[in-house]
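Spelled out from the first residue to the last, the chains are:
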Amino acid sequence: MAATLAVDTTSDDVSLTACTAAPADCSLRGAIAAANVLAGADAIEFNIPTSDPGCSAVTGICRIEVASSLSISEGLTIDGYTQPGAQPNSIPAPGANNAQLKIEITSAGFVNLGVALFSLQNSNAGPFNLRGLAIALPTSAIVTGGLRHDHRGNWFCVDALGQSPEFNLPCNAFTLTGFNRTIRVGGPDPADRNVIAGGGRDLNGQPGGGTNRLRVNSIVSERGSILLQGNLIGLGPDGVSSLPLRDPFIIQTGDDAFDTPDIQILDNRFARAPGNFSGGFGGALQFAVSRTMTETALIQGNVFGLGVDGSVLGVEKDHIEVFLGNSSRVPRLLIGGLGAGEGNTFAGALRQSFTGLSLGSAVILPFGNVNTFVEFVGNRMLGNQGIGLDFPTATAGGGGVVGRTPNDPGDPDAGANLQQNHPKISAYSVNGSQFELTYRVDSDPANSAYPLRVDFYKALGDEGELLLDSDVYASANAQQDKAVTLMIPPGVSLTNDDVIVAIATDADGRSSEFSFDTLSLSATDLPDPHPAGLPFTVEVTALATSGPFKPNGVVDVSLSTSPAITCSLTLAPTPTANTSSASCQLIPTQTGIRVLTISYRTLRGAFGSAEGQDVVITQLHEVTVAGPEQIGFSRCRQNALEGETAQIRIERPSGGVANVSVDFTHMPGTATPGDDYTVPADQMLQWAPGDIAAKIIDVPIASDGLPEPTERFRVNLGNVMGAAVLPFGQLDVEIIDGQTDQRFANGFEGPECLP
């Protein structure tokens with residue numbers, strides 16, 4: 001019969017196996033040893049008094065420090081929630097984790113055990129279940145071996161306070177790479193949620209590190225299964241602190257010849273903030289396929305790259321990588337869905353340029369002569385540097401090119417998802433709670449499995465932020481325009497100036513990349529020529545050359561000085577059809593004929609060249625010799641009302657190419673310093689090359705509410721370096737009471753300067 005053993009000491013003494021009501025006679029190691037000789041699946045509970053030397057009387061947390069691996073040879077549940085004071089998490093997924101854990105397990109002195117903490121020795125060591133434990137130590141795995149796993153409500157690679165302990169080597173939670181049958185990590189209930197954090201330190205000494213792998217196989221009499229649900233991965237329990245893994249969380253399908261395992265990855269929150277782990281590490285989730293999948297794995301309801309407070313923590317590299325053991329392996333994945341809560345959110349993926357094949361996309365598929373069935377629907381894209389679904393194009397040299405894939409006539413090309421052509425939208429308008437559009441998918445029925453489903457999204461930058469509605473594109477419509485009227489979801493704002501992008505998915509579950517349109521750029525740069533040190537304006541106009549939309553996105557502007565002078569523009573729609581524009585100012589400090597380079601960034605907007613690349617134009621701009629360097633007041637007299645603040649402006653009306661400075665000083669007049677006004681500090685004012693902004697000094701003016709004559713004080717500019725003081729180096733500020741308010745005719749200065 002199954003036994004329940006109660007651990008009542010933090011000792012690691014293997015001889016403490018009695019586990020009776022007597023005090024301190026049952027260590028964790030002793031309880032495991034006792035369970036290993038009992039038939040059936042046993043349970044280990046905890047009742048360690050806080051007076052135990054390993055417990056904190058303040059926090060109630062008891063730390064068990066082990067000296068070596070804990071071997072498991074029979075089915076076992078270890079339940080930390082039985083320790084007095086422990087409480088499971090109560091926040092629904094994908095939120096934070098507010099569990100109160102009271103049992104910590106680590107190694108003595110954070111020594112690397114060299115092997116797994118819990119090492120399951122044979123097929124009898126299952127099911128193996130962990131509950132309510134905080135486990136953090138440098139190790140190749142916290143759990144390895146066995147056939148059946150069920151782990152819920154634990155904190156892996158952080159302590160019971162949610163902190164990352166100070167050790168350098170990585171903490172790996174799961175290395176379940178054998179012939180497992182069932183693996184459950186987490187679940188649908190708040191109490192099921194695990195924290196699976198990166199443990200150890202990167203090369204900069206920042207917390208993070210580690211690898212996790214889950215793999216199952218089926219047998220003739222049993223279909224394998226993996227459920228990864230509701231967990232915080234790469235985060236601390238607060239759901240905000242970044243504790244990145246080194247590698248993506250790896251799911252492996254197994255390579256047996258039996259049924260495809262049931263794999264579900266649901267409602268987790270993943271983050272993989274940048275870390276210095278050397279090499280091309282990164283990514284949030286890798287789906288590794290070593291078989292021809294006949295059943296579809298689900299990746300739904302997950303949040304990638306966001307903290308629970310909405311902050312962008314990011315994922316270095318692509319969020320999800322679909323990896324094939326070789327090109328003959330065939331994946332089947334549904335990433336997202338049309339049902340409530342089935343879509344994933346992908347935010348803040350970061351390009352990793354030195355790896356060559358990472359733009360920071362939501363999902364990247366394998367390149368080459370591969371056969372994939374990956375459906376991508378209902379997902380939300382927020383500020384990823386790459387694209388949504390990316391199927392790289394194979395190159396002649398055996399490599400691949402990432403990024404947008406242009407449509408090909410009739411869609412005969414092969415590769416990931418058969419390189420399914422994306423829809424092209426030719427007309428669009430909003431009519432109340434509906435939107436109308438005309439679209440076409442250039443896919444011959446001989447090359448795509450009809451009917452196609454076409455999903456339309458409101459664009460944020462280059463990708464779809466929000467699924468609006470879907471349409472069925474039947475074989476009778478193939479390669480023809482189709483006009484449809486679709487519904488705007490309740491609560492969604494949609495206007496004629498918004499951009500719509502679309503994905504086509506064939507009847508076999510192969511999705512296209514997001515659609516994009518083409519544009520042309522033009523620009524004016526005025527005045528041209530123009531003196532160095534003063535600003536000129538670059539106005540960029542983007543004209544859509546395909547599709548019905550006004551271009552969105554970002555344009556970068558660069559002038560060929562050393563270093564280059566740049567600005568970044570966000571396009572805004574204009575009243576003109578298919579047209580958007582934006583402008584900025586540049587202040588060159590080097591003379592000569594310069595090249596102005598204007599680049600529309602295709603991965604930051606829903607447009608590009610016909611090949612799906614950036615659109616770039618160049619033109620010349622002449623920078624002439626700067627005018628003389630000048631610093632000064634623009635007037636010599638200024639008035640201010642009592643109770644207001646006088647703003648004193650010191651301007652740089654000419655020059656702008658040198659380092660210049662001037663001393664600003666105050667001189668009392670008929671106004672009483674400290675009573676009538678706050679005395680401005682004497683100070684040196686400095687301008688760097690390219691800095692032409694006025695310096696503004698605020699002087700609060702007191703109000704006494706009494707009629708009185710005009711009073712004044714004076715400020716001066718002197719000891720100028722690198723410039724002339726022009727037009728004025730002296731300014732008299734005249735204080736007018738609030739009763740008479742006798743301002744000068746123009747409100748600023750008198751008819752002549754005072755001596």
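Rules of the game
Residues numbered from 1 in each chain as written. Predicted model: local features only at pLDDT ≥ 70, side-chain atom pairs only at ≥ 80, totals over all residues. Heavy atoms only, no water. Pairing = 2+ DSSP bridges. Helix = DSSP H or I, 4+ residues; strand = E, 2+ residues; numbered from the N terminus. Contact = heavy atoms within 4.5 Å. Axes fitted to C-alpha atoms, helices over the stretch in contact; angles between N-to-C directions. Disulfide = S-S within 2.5 Å. Buried < 20%, exposed > 50% of the residue type's maximum accessible area, 1.4 Å probe, protein only. Core = buried A, V, L, I, M, F, W, Y, C linked by side-chain atoms within 4.5 Å.

**Student:** Explanation requested: the sheet that holds strand 4 (residues 70-72) in the structure shown.
**Tutor:** Neighbouring strands of a sheet are bound in pairs by backbone hydrogen bonds; such pairs are parallel or else antiparallel. With parallel pairing, the ten strands of this open sheet are ordered in space as 4-7-10-13-16-19-22-26-30-33. Strands with a single pairing partner mark the edges of an open sheet, and in this sheet they are strand 4 and strand 33 (389-390). Judged from the three bridges that link them, strand 13 (residues 174-180) and strand 16 (residues 212-216) form a sheet pairing that is parallel. Its bridge partner being in strand 16, Leu176 is matched across the sheet by Leu214. Contacts from helix 1 (residues 28-36) reach strand 4 and strand 7 (118-120), with the element oriented near 20° to strand 4.

**Student:** Please explain the state of the cysteines as it appears in this structure.
**Tutor:** In a disulfide, the sulfur atoms of two cysteines are covalently bonded to one another. Applying the stated rule across the entire model yields five disulfides. Bridging Cys19 to Cys26, the disulfide has an S-S length of 2.0 Å. Between Cys19 and Cys26 the disulfide shows an S-S torsion of about 65°. By sign, it is right-handed. Accessibility assignment for this pair places Cys19 and Cys26 in one class, buried. Two residues share a disulfide in this structure: Cys567 and Cys584, whose sulfurs sit 1.9 Å from each other. Of the two residues, Cys567 sits in strand 46 (residues 565-570) while Cys584 sits in strand 48 (residues 579-586), which places them 17 residues apart along the sequence. Along the chain, the cysteines that take part in disulfide bonds pair up as 1-2, 3-4, 5-6, 7-8, 9-10, counted in sequence order.

**Student:** Explanation requested: helix 1 in the structure shown.
**Tutor:** Residues spaced three or four apart along an α-helix point in a common direction, a consequence of the helix completing one turn every 3.6 residues. Buried residues dominate helix 1, accounting for eight of its nine residues. Leu28, Arg29, Gly30, Ala31, Ile32, Ala34, Ala35 and Asn36 are the residues of helix 1 that are buried.

**Student:** Even after reading the chapter, I still don't get the nonpolar core, so can you show me in this structure?
**Tutor:** Generally speaking, nonpolar side chains in soluble globular proteins are found buried as a group. Core analysis: the largest hydrophobic core is formed by 135 residues, its most contacted members being Ile78, Phe118 and Ile142. The residues touching Ile142, leaving out its near neighbours within four places in the chain, are Leu117, Phe118, Ile135, Leu137, Phe156, Cys157, Cys171, Asn172 and Ala173. Counting 23 residues, the second-largest nonpolar core is a separate cluster that includes Ile631, Ile648, Val660 and Val715.

**Student:** Can you help me understand the side chain of Asp150 in this one?
**Tutor:** Summarising the element assignment, Asp150 is placed in strand 11 (residues 148-152). Residue Asp150 is classed as buried on the basis of its relative accessible area of 14%. Sequence-distant contacts of Asp150, defined by excluding residues within four places in its chain, comprise Phe128, Asn129, Leu130, Arg131 and Arg184.

**Student:** Could you clarify how one ought to interpret the pairing of strand 27 (residues 332-336) in this entry?
**Tutor:** Both faces of the sheet carry side chains from a regular strand, because those side chains alternate between them. For strand 27, a buried count of four out of five residues is recorded, marking the element as mostly surrounded by other parts of the structure. In the sheet, strand 23 (residues 297-300) pairs with strand 27 via three bridges, with the strands oriented parallel. Pairing of Leu298 across the sheet is with Leu334, part of strand 27. Two strands pair when backbone bridges link them, and strand 27 and strand 31 (residues 373-377) are joined in this way by five bridges, in the parallel orientation. Bridging from a neighbouring strand, Ile335 pairs with Phe376 of strand 31.

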